[in-house]
Structure formats: structure tokens, C-alpha cells
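An overview of the molecular structure
Read off the chains here:
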Amino acid sequence: MKTKAKTVFLASTITLFALSLIRYPQQSLEASIRGLNMWWEVVFPSLLPFFIVSELLISFGVVSLLGVLLEPLMRPLFRVPGVGGFVWAMGMASGYPSGAKLTARLYQEKQISTIEAERLASFTNSSNPLFIFGAVSVGFFNNPNIGIILALSHYIGNICVGMMMRFHGKSQEKAKQKQRNHPFSLPYAFRVLHETRLKNEQPLGKMLGDAVRSSVQTLLMIGGFIILFSVVNKLLYMMHITQHIAIIVQYVLHFFQLSKELSVPIISGLFEITLGSQMISQADGVELLEKAMATSFILAFGGFSVQAQVASILAEANIRFKPFFIARMMHGCFAACFTYVLWKPLYVHPVAVNVHIIPTFFIEHSPNWMTHYWQMLHQFGPMITIVFLCLYIWLTTIQWQKRQ
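Residues numbered from 1 in each chain as written. Predicted model: local features only at pLDDT ≥ 70, side-chain atom pairs only at ≥ 80, totals over all residues. Heavy atoms only, no water.

**Looking at the UniProt feature "domain: Nucleoside transporter/FeoB GTPase Gate" (unreviewed entry) in the protein chain**
The positions that UniProt labels "domain: Nucleoside transporter/FeoB GTPase Gate" (unreviewed entry) are, in the present scheme, residues 42–138 and 219–315. In residues 42–138, helix accounts for 81% and strand for 0%; the two terminal C-alpha atoms are 16 Å from one another. Each end of residues 219–315 is marked by a C-alpha atom, and these two atoms are 16 Å apart; helix forms 82% of the span and strand 0%. (UniProt positions renumbered as here; feature names shortened; annotations may be inferred. Helix = DSSP H or I, 4+ residues; strand = E, 2+ residues; numbered from the N terminus.)

What follows is the structure in C-alpha cells.
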């Protein structure tokens, strides 16, 4: 009975979505173009280098070396192997959904267990600093100082999530035989690096081509989800479903003494973080602290668009999605709370007492280069995307001809 109800629900939902596309073709097209532009200009060129380099680092054994060196840090804190430190660093630097992709890759290579993969995926996916400083704080809020609070709240909250998720699956691990942990040793780390490289006997050109094809395939999937959820978000608004859900959200906001004007922007942010952050920054009659807390929540939650991307990546490796979703809820709450706690010491008092307390280079130069880099992405991003899509088609054609 439960299976039949699920079938009816899914069939009804997709039918309603198809009818909505027919009913609102112009709005759907505009939302689709908006999602495509975001992927075309920013997401693809900013994530591609990280994906390619990550694939090569894993193939050459550098990740295995880092795993041995970071074992004394990652195992006690988060109950994951040392290779998780590499995933954590790359996830913070490149943003969603790099952590999930690298976690799935390590799990498929049997460097981490199922429980360790679920823990690792829960706290290694985050917004990258470029998006927080360049797009949100400078682009949307026109206030570089907010970026400092948003970033600190985001990454400190992520650490808290990792320390909470260390208890996930603890009972299941007790039933298994514990693996032998090697002590910190540089000779052993380099021996692991050498052994890993020897296992992969492929030529450099083959490894580079595989890294490019794998990275572009993942980014094409990400682009599809970005466009899909951009359209879904717009259709929900056009059918007035967002307004009805906003009534429920207003009660939650009232409980936390937040403005009800944030209800619609938060709902939009639950689907797509870029649009949600922009709408929150433009909300009228809302205090800046409330806007910052709401933005922190949706940045940490990731939006259903990002979660669908992660779910697709984890499903290919047979890793459960539920722990990741629970972690995103915890991360959203942690980030919003840390924003509230850090607001006075980092935003109110430095400005009110003495602006020179903040180092000059931190105020003037950091936002400038972030903004400059963000503008360069929008300018040269499409060119990079075209070049690598052509390269992907060429590599795929060569591989297909060899199979014939």
C-alpha cells in the first residue's frame, strides 16, 4: 500500500510539473536561462579545476600520503581516516558538491568504509569563500564586512556538524573488527604514496583525459539540477504555492522572533541558495542581523538543488543520503546561531568603537580581489566552459572509436 501511494504521488507530481511548464512557458524559459547562466558563467569554470586536480591527486597517491599524515587529526575529531582531511579542505575551497564527489571516489576505491563515507559527506560539503564574499556579501548585500561573519559562522558550524556526526554509526562499528591505525610517520607516508602510484600503471595522458571526462560529466549533471530547480522554484511562485507555504514558515519565524517578511525569501533559498540569498538581501523592513541569520541558514542548508546533486553522486556509490540531509539541518541551525553570537563582537563593536581595530588589508584588499575575481568569472567563464565542453566531446569521441 505504501509503495502504491508513493507511485501515485510521484506520478502526480511530475504530471503537475509538466502541466505547469505548459501553463507558464515564458516564466519557465526565463528561469531556465537564469539557471543556465549561473552554471555557464560561474559553477562550471570555478569547480572544474578542483575536480580535475582532485582526480589526479587521488590517482598519483598524494591523497594517500595526506591520509597517513592527517590520521592523528581526523580520527580523534571526526572518526574518519586521514584522507578525509583532503576531502574536507577541497570541499571548503571549491564548494558544493565537491565533498560528496570526493567522498564517493574514496569509497569506491575502498579507502573508507560505508559509515565513514556517510560521516565524511556530512561535513565536507560547504559553500566556497568566493561565493560567500564575492556574490553574497559584496554582490547582494553591498557590505564586505558581513562576509566575515557569514564565512566564520558557516565553517565553524561545519566543524560542529563533523564533531556531532562522529557518533553516527558508532554501534555498527563496534560489531566490526577495528582496523590497525598506523602512527604518524613520514617514511611510511611516502611508501604509501609510491605503492599507490605503482598500482595505477596508466600513462599520464590517459589519466588526464579520464580526469577531464569524469569532471565534465559531473558538472553536466550539476548543471541539469541547477536549471531544474530554478524552474521548479519559479513555477511554485507562479502557482502561489510558495505563498501558502510561507504562512507556515511565518509561524516558525515568529517563534524565533524573526520578521515574517523573510518567509518567501527563505522558501526560495530552501530550493536555490543564490536566489534565496539575493531575495533576503532585498527584503524591506528587516534588520540586517535577521537577514544575516537567514542567509547563514540557507547557505548551510544548501538548498534542495545542491542536495539533489549530492544525492545523485552518493547514490552512484551506494552511500545513504539521509545522514547528509540531517547534517544539513544541523549545519543550518549552527550557522544561524553562530551568526547571532558573532554579530556584536565582529560587526557592531569594531565599527562603533574604532574602525582601525580591523586590519586595513583585511577591509580594503580582501573584498576587492574577491569582487575582481567574481567579475572575471562572469566575463571569462563562458569561454572556459566552451573550451572544456569541446575537449570533453573530443575525448568521448576518441574513446567511442577505440571501442568500435
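**Section: the environment of S122**
Within the secondary structure layout, S122 lies in helix 6 (residues 114–123). For the pair S122 and F324, spaced 202 residues apart in sequence, the C-alpha separation works out to 4.7 Å. Here R119 takes part through its backbone oxygen, which lies 2.4 Å from a polar atom of the side chain of S122. (Polar contact = N/O pair within 3.5 Å; in protein donor to acceptor, adjacent residues only side chain to side chain.)

**What to know about the UniProt feature "transmembrane region" (unreviewed entry) in the protein chain**
In the numbering used here, UniProt assigns the "transmembrane region" (unreviewed entry) feature to residues 47–70, 77–96, 146–167, 211–231, 292–313, 325–343 and 376–395. Segment residues 47–70 splits into 96% helix and 0% strand. End C-alpha atoms: 24 Å apart.

**Here we look at the packing of helix 14 (residues 273–281) against helix 15 (residues 288–301)**
Following both chains from N to C, one finds helix 14 and helix 15 inclined at 175 degrees, their axes separated by 10 Å at the closest point. Judged by the angle between their axes, helix 14 and helix 15 are roughly antiparallel. Residues I273, G276, S277, I280 and S281 of helix 14 touch helix 15, and the partners they reach there are K291, A294, T295, I298 and L299. (Axes fitted to C-alpha atoms, helices over the stretch in contact; angles between N-to-C directions. Parallel < 35°, antiparallel > 145°, perpendicular 65-115°, else oblique. Contact = heavy atoms within 4.5 Å.)

**Thoughts on the domain arrangement of the protein chain**
Interface extent is often summarised as the accessible area lost during association of the parts. Here the protein chain is described as being made up of domain 1 (27–169 + 182–362) and domain 2 (366–403). Once you take the C-alpha centre of each, domain 1 and domain 2 turn out to be 21 Å apart. Facing the 25 residues of domain 1 at the interface are 20 residues of domain 2. Summing both partners gives a buried area of about 2,100 Å² for domain 1 against domain 2, and 80% of it is carried by carbon and sulfur. It is W40, L130 and R213 that lose the most area in domain 1 upon contact with domain 2, and together they represent 28% of the buried surface on that side. (Domains from an automatic or database assignment. Buried area = accessible area lost by both parts, 1.4 Å probe.)

**So, the packing of aromatic side chains**
Scanning the entire structure with this criterion turns up 12 aromatic pairs. On the numbers, 5.9 Å between centres and 70 degrees between planes, the contact of W88 with F123 is edge-to-face. Of this pair, W88 sits in helix 4 (residues 83–94) while F123 sits in helix 6; the two residues are 35 residues apart in sequence, bridging distant segments of the chain. Residue W88 is classed as buried on the basis of its relative accessible area of 16%. Of the residues examined, F123 reaches a relative accessible area of 0% and is grouped as buried. (Phe/Tyr/Trp six-rings, centres within 6.5 Å; stacked < 30°, edge-to-face > 60°. Buried < 20%, exposed > 50% of the residue type's maximum accessible area, 1.4 Å probe, protein only.)

**Concerning the nonpolar core**
Core analysis: the biggest nonpolar cluster contains 70 residues, and F123 and L262 have the highest contact counts within it. If one sorts the elements of this core by residue count, helix 8 (residues 144–165) sits on top with eight residues. Discounting residues that sit within four places of it in the chain, F123 has contacts with M74, F78, V80, W88, N158, V161 and G162. One finds M38, L47, I52 and V216 within the second-largest nonpolar core, a separate group that totals 22 residues. (Core = buried A, V, L, I, M, F, W, Y, C linked by side-chain atoms within 4.5 Å.)

**A few points about a nonpolar patch on the surface**
A cluster of nonpolar residues, M376, F380, M383, I384 and V387, forms a patch on the protein surface that exposes about 430 Å² of accessible area. Positionally, M383 belongs in helix 18 (residues 360–403). With relative accessibility at 52%, the residue M383 sits in the exposed group. (Patch = residues over 30% accessible without salt bridge, like charges linked within 9 Å, V, L, I, M, F, W, Y side chains within 5 Å. Areas by Shrake-Rupley, 256 points an atom, 1.4 Å probe, with all protein chains shown as cover. Salt bridge = Lys/Arg side-chain N within 4 Å of Asp/Glu carboxyl O.)

**Observations concerning the pattern of salt bridges**
Across all of its chains, the model carries nine salt bridges by this definition. The salt bridge involving R34 is made with E272; its shortest N-O contact spans 3.4 Å. Of this pair, R34 sits in helix 2 (residues 25–60) while E272 is found in the loop between helix 13 (263–271) and helix 14, placing the two residues 238 residues apart along the sequence. A salt bridge links E55 to R105, with the nearest nitrogen and oxygen atoms 2.1 Å apart. Of this pair, E55 sits in helix 2 while R105 sits in helix 5 (residues 98–108), placing them 50 residues apart in sequence.

**A closer look at helix 5**
The element helix 5 is largely enclosed, with a buried count of 10 among its 11 residues. When helix 5 is considered as a whole, its buried residues turn out to be S98, G99, A100, K101, L102, T103, A104, R105, L106 and Y107. Buried-residue contacts for helix 5 involve helix 2, helix 3 (62–78), helix 4, helix 6, helix 11 (204–238) and helix 16 (303–316). The positive-phi residue at the C-terminal boundary of helix 5 is K110, with phi of around 60 degrees.

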